[in-house]
Structures are given as C-alpha cells and as structure tokens.
Amino acid sequence: MENNLHLYNTLTRKKEKFQPLHPSLVGMYVCGPTVYSDVHLGNCRTFVSFDLIFRYLKHLGFKVRYVRNITDAGHLEGDNDEGDDKFAKKAKLEQLEPMEIVQKYTLGFHDVLRLFNTLPPSIEPTATGHISEQIEMVQKIIANGYAYEVDGTVYFDVEKYVKDYDYTILTNRKLEDMLNNTRELGGQDEKHGRLDFALWIKAKPEHIMRWPSPWSVGFPGWHIECSAMSRKYLGDQFDIHGGGMDLAATHHTNEIAQSEACNHTAPAKYWMHTNMLTVNGARMSKSSGNGFLPHQLFTGDHPLLERGYSPMAVRFFMLQAHYRSTLDFSNEALDAADKGFKRLMTAVNLLDKLKPSKGKSAVDVADLRAKCYAAMDDDFNSPILIAELFEVVRSINSIYDGKATISIADLEELRAFVQHFVFDILGLQDDQLSSNDNVDEIMAIVIKLRDGAKQNKDFATSDRIREELNAIGIQLKDSKDGTLWNKI
C-alpha cells in the first residue's frame, strides 16, 4: 500500500509524513458532542472534516477504527469544575429526566450528521457507559502519585505532574502565563494548585446524575472520559486524536496529562484540530446573535440568511475551506458554493453521456488524477482538491461539446476516479437527482415530444420546449446521435 500522506501535527507544529503505529491499521479518536442541546455548526464543521479524513484513510487502504464519544455526563457549565451540571439544568428547564435530554439530543445529532452524509464512527461510546473505566483510571493516577482526594473529590496534581512531564507540550504556552491567567485560590478552595482539575467530583445532594466510587457518590470530571474511552478502544497509544481547536488549550492538554500520569506514555502520535466558524467576519456565537443551527441554514429561517441551502451544498461549502482555516459564513459565499456544487454535479452526470474516440486522448487523465491525490496527501487539502476537480469539469464539458477527445480506457479511468473523489472521499451526493429519481424517464418523454414537433415542422413548439427547459436549468443539445440533455 503506497502512502504519501502528510498531515499537520499540532503537537509538533509542522507537517509530518503519516506513519501509523501499526502498518495498515489506524486508530483515530475524535471528541464528540455534549448532548444537552442541538448540535451547532461548529461541531458539524469538525465532524464533516474528520469524516473527510476517515474516508480518505479508508480509500488509501487503511483499516481504520474511528472512535467518537458522546458526552452525556460530567460536563459542568464552567471548565474550572464549577457551575451547574449542563444536563440537569436542561432537564429542569424542559421538565424531563437528564437521560431524556441525552436521548433527545443524541438522536438530533445523528439526524443532522446523516443529512451531511457523514459515515458513522466505528465505535461511539458514552461517558455514562464507561464509569467503571474512568474510576479505574483515576485510581491508577492516584497510585502513581499524580492526584489527591479532598472530601470525596479527586483532583489532578499539575504541580507534581510538571516535575516529570511537559504540561504545555500541545499548545507551547508558558506555564507562568497559564498561572497568571488563572484566578488565585480563595480560602475555601480545596484544590492545592490553581491549574489542578477534577478527575472525580463529589455530588451535591441536589445532583441527579451520580455513581458510587471509592471516594464518594459523585460523577466523573469532564476530561477523564476521553482518556478512559480512547484507552479502552484504541490502547495506551494510538495514531490520531482530533477535535475543534477550542479543545486544545484545556481539554486536550488535560487528556495528555491524564494519560501520561496513568500509562507513562503520550496517548496520540498525531493531534489534529479544526478551526472556528465566523459569520460575515465575526466569530459565530449565541451571545452575538449571529449563531444559527443546521436546520436554520437548510430552511433559511434566520434573520441573517436570505434563503436556505441543501445539506450537500453546505457540506461542499465547508470543504471549500481547509479544515485548519477559518470558515466564514455569508450569503454571498453560500450562494457561490451552491452554484459551484451544482456545476460539479452537472458535469459528473455528463460522464455517462460522453462518447469515447478511437484515437488518442486530448485529456491527460493520469495527470488530473495525480493532482487530486497530491491535494489530499497534502494534509487533506480539500479546497485544492475541489479546484483540481473543476479542471476535470472543464475537461468533461470539452469532451461533451466535441472540443476534446478521450479514449475508451481513459474514459473508464476518468469515471472511476471522479466517483472516488466526488462521492467516496468528499462524501457528496447529488441531492437534485435523489429527489427526482425518474428524471431520465421524464426527459426521454419530453425529448420524444420535441422530436415529434420537429418532424411535423412545428418549430415554434420545438423551440418553446427548449426555452422553457432552459428556464428551469435544463439544457438540450442536438447532435448526430440524437438529443442530449444536462443540468445547467
């Protein structure tokens, strides 16, 4: 299996050749959603990006175990082990049990990702389903001397940890700066150090979600679940750990610390992070009033949106930006992406209508194919891949218009690699065809009626059929082999 893939590693801050720990096998863990509300577009961008990565790794021939967790417990409103439990608070507002909240928003999350045509992960573990594994890991961290218990709550001892390991290795921040940006411990604070974080939290009497442990009846801290579940399903060391860039500073930093304190080894060889979303140049957030949910983007039901866009057009829009680049939403950018997506699908649908020639090809299919692979091998560079695919679109249109020729063998190769890159790797679907499954039969009837009008010298009717089809985005092309059609 040939492998020329290079990816950007947040850990080393450079592109590296991808060399998995075990040849032909890849273990990938991606931090999933906290299911107490509707999944937001930032999450969707991350999961679409890692879907692209998952698809390409599989296409290259790797056997991939893709683990993406569901956080359904232990996530407080603040990252400093403070505030109300997000699930309990939402349950109280909606007068539901916390696990009803989890079920409702987990199903919604899956529904949205299905619309984006993302492949399901190999394993999707939940935090509540792995309490014993989290308790076991906390026990081992305590035994290794990197955690302490205070009145039923267990904290990770960052001061002890930094004597043996580099706590800031992922973000390259200075420990002094982190301390300066963290509030002083108050007289009532039970933590030994300002950077210490909870591994297990003693439940207050009103806390609904709770489990017995050696220290107290309580619940796990937010960070420990990913360390425990990645360890269970991928081992102490695995290949890729991914998530949004907002997770790097705290969550992923603490994951590394927990895993090293427990297993004496770093968990992942490569760390990958997606960038954030902006709207008209400003960061997307609920508080700014510029945040919208996926279903609002699909329907256009938001003051900032002029209309709705299909899930495939939005997926195409997301893939037009590199996963490490900021993605800016605007009506103009979405309109352009929608037009580009339709143009690509129109060309793809012409592939079966192309006629091969007996002579040499005027189109260098091998070169087009090589450029597409080169784009993906360069840190999954989807915008460059899409640009190369539009070169393929120009070639397809030239062949269809009779301005270029292609051999039988090259046409077969062209059809195969377009299928691979457009559908198998980019994960696109022609949503226009899926809603009009019998469009070929309908067009055959329309063309037959037009041919009849021409034979009867009723050119007015013939021209009217052509013009009205053109008005709804369907172009007719008369040739010696009959009348062909395509979407404009």
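Numbering of residues begins from 1 in every chain and follows the order in which that chain's sequence is written. Per-residue local features of the predicted model are confined to residues with pLDDT of at least 70, and side-chain atom pairs are confined, for both listing and counting, to 80 or more; whole-chain, interface and lining totals are unaffected and use all residues. In computing side-chain properties, one takes all heavy atoms of the structure into account and sets aside hydrogens as well as water.

The name given to the protein in an unreviewed UniProt entry is Cysteine--tRNA ligase, and the organism recorded there is Sphingobacterium kitahiroshimense. The UniProt entry for the protein carries the following comment under Subunit (unreviewed entry): "Monomer." UniProt positions are given in the numbering used here, feature names are shortened, and annotations may be inferred rather than shown by experiment. In its Sequence similarities (unreviewed entry) section, the UniProt entry covering the protein states "Belongs to the class-I aminoacyl-tRNA synthetase family."

Caption draft 1: Structural detail: the UniProt feature "short sequence motif: 'HIGH' region" (unreviewed entry) in the protein. The positions that UniProt labels "short sequence motif: 'HIGH' region" (unreviewed entry) are, in the present scheme, residues 33-43. Secondary structure elements follow DSSP: runs of H or I of four or more residues count as helices, runs of E of two or more count as strands, with numbering from the N terminus. Annotation note: span residues 33-43, helix share 27%, strand share 0%, distance between end C-alpha atoms 7 Å.

Caption draft 2: Representation of the environment of P20 in the model. Mapped onto the elements, P20 comes out in the loop between β2 (14-17) and β3 (25-30). Only protein chains enter the accessibility calculation, which uses a 1.4 Å probe; a residue whose area is less than 20% of its type maximum is buried, one above 50% is exposed, and one in between is partly exposed. Exposure remark for P20: the relative accessible area of 15% places this residue in the buried category. The spacing of P20 and R394 is 374 residues in sequence and 37 Å in space, taken between C-alpha atoms. Working rule for contacts: check all heavy atoms of both residues, and any pair within 4.5 Å makes them a contact. When near neighbours in sequence (up to four residues on either side) are disregarded, P20 contacts L25, V26, F62 and D239.

Caption draft 3: View of the pattern of salt bridges. Salt bridges are counted wherever a side-chain nitrogen of Lys or Arg sits within 4 Å of a carboxyl oxygen of Asp or Glu. Applying the stated rule across the entire model yields 16 salt bridges. Between D352 and R415 there is a salt bridge; the shortest N-O distance is 3.9 Å. On the criterion of sequence distance, the pair formed by D352 in the loop between α11 (331-350) and α12 (365-377) and R415 in helix α14 (residues 408-425) is long-range, its members being 63 residues apart. The exposure class of D352 is exposed, given its relative accessible area of 67%. Among the ionic contacts, a cluster of salt bridges with common partners joins R307, D335, D338 and K342.

Caption draft 4: View of the packing of α12 against helix α13 (residues 382-400). Where α12 meets α13, the axes come as close as 8 Å, and the angle between the chain directions of the two elements is 165 degrees. Here α13 runs roughly antiparallel to α12, going by the angle between their axes. When the axes of α12 and α13 are compared, the crossing they make is left-handed. Across the interface between the two elements, L368, K371, C372, A375 and M376 of α12 pack against I384, L385, E388, L389, E391, V392 and S395 of α13. Between N-to-C directions, angles span 0 to 180 degrees; the directions come from axes that are lines fitted to C-alpha atoms, helices contributing only their stretch in contact. Note on terminology: angles under 35 degrees are roughly parallel, angles over 145 are roughly antiparallel, angles of 65 to 115 are roughly perpendicular, and the others are oblique. Rotating anticlockwise by less than a right angle from the far helix to the near helix defines a left-handed crossing, while the corresponding clockwise rotation defines a right-handed one.

Caption draft 5: Focus on the sheet that holds strand β10 (residues 268-274). Pairing between strands requires that DSSP locate at least two bridges from one strand to the other. The 4 strands lie next to each other as β4-β3-β9-β10, forming an open sheet whose pairing is parallel. With one partner strand each, in any of the chains shown, β4 (63-68) and β10 form the two edges of the open sheet. On average, each strand axis in the sheet is inclined to that of its neighbour by 20 degrees, with strand direction left out of account. In the packing of helix α8 (residues 248-263) onto the sheet, the strands contacted are β9 (238-244) and β10, and the crossing angle to β9 comes to about 155 degrees.

Caption draft 6: Fine view of the UniProt feature "binding site: Zn(2+)" (unreviewed entry) in the protein. Within the UniProt annotation, "binding site: Zn(2+)" (unreviewed entry) is assigned to C31, C226, H251 and E255. Across 225 residues of sequence, these annotated residues stay compact in space, with a maximum C-alpha separation of 11.0 Å. Looking at where C31 falls in the secondary structure, it is placed in the loop between β3 and α1 (41-59). Look at C31 and you get buried, because its relative accessible area is 6%. Sequence-distant contacts of C31, that is, excluding residues within four places in its chain, are made with F47, N69, C226, H241, G242, L247, H251, H252 and E255. In this structure, E255 is in contact with C31, H223, C226, S227 and H241, ignoring residues within four places of it in sequence.

Caption draft 7: Geometry of α13. Any helix carries an expected span of 1.5 Å times its number of residues minus one. End to end, α13 covers 26 Å across 19 residues, agreeing with the expected 27 Å (1.5 Å per residue, within 8%). Buried within α13 are the following residues: S382, L385, I386, E388, L389, F390, V392, V393, S395, I396, I399 and Y400. The positive-phi residue at the C-terminal boundary of α13 is G402, with phi of around 80 degrees.

Caption draft 8: Local environment of the sheet that holds strand β11 (residues 277-279). What the 3 strands build is an open sheet, ordered β12-β11-β13; its pairing is mixed. This sheet does not close on itself; its edge strands, each paired only once, are β12 (282-283) and β13 (327-329). Across 2 bridges, the pairing between β11 and β12 is antiparallel. Of the residues in β12, the one forming a bridge with V279 is A282.

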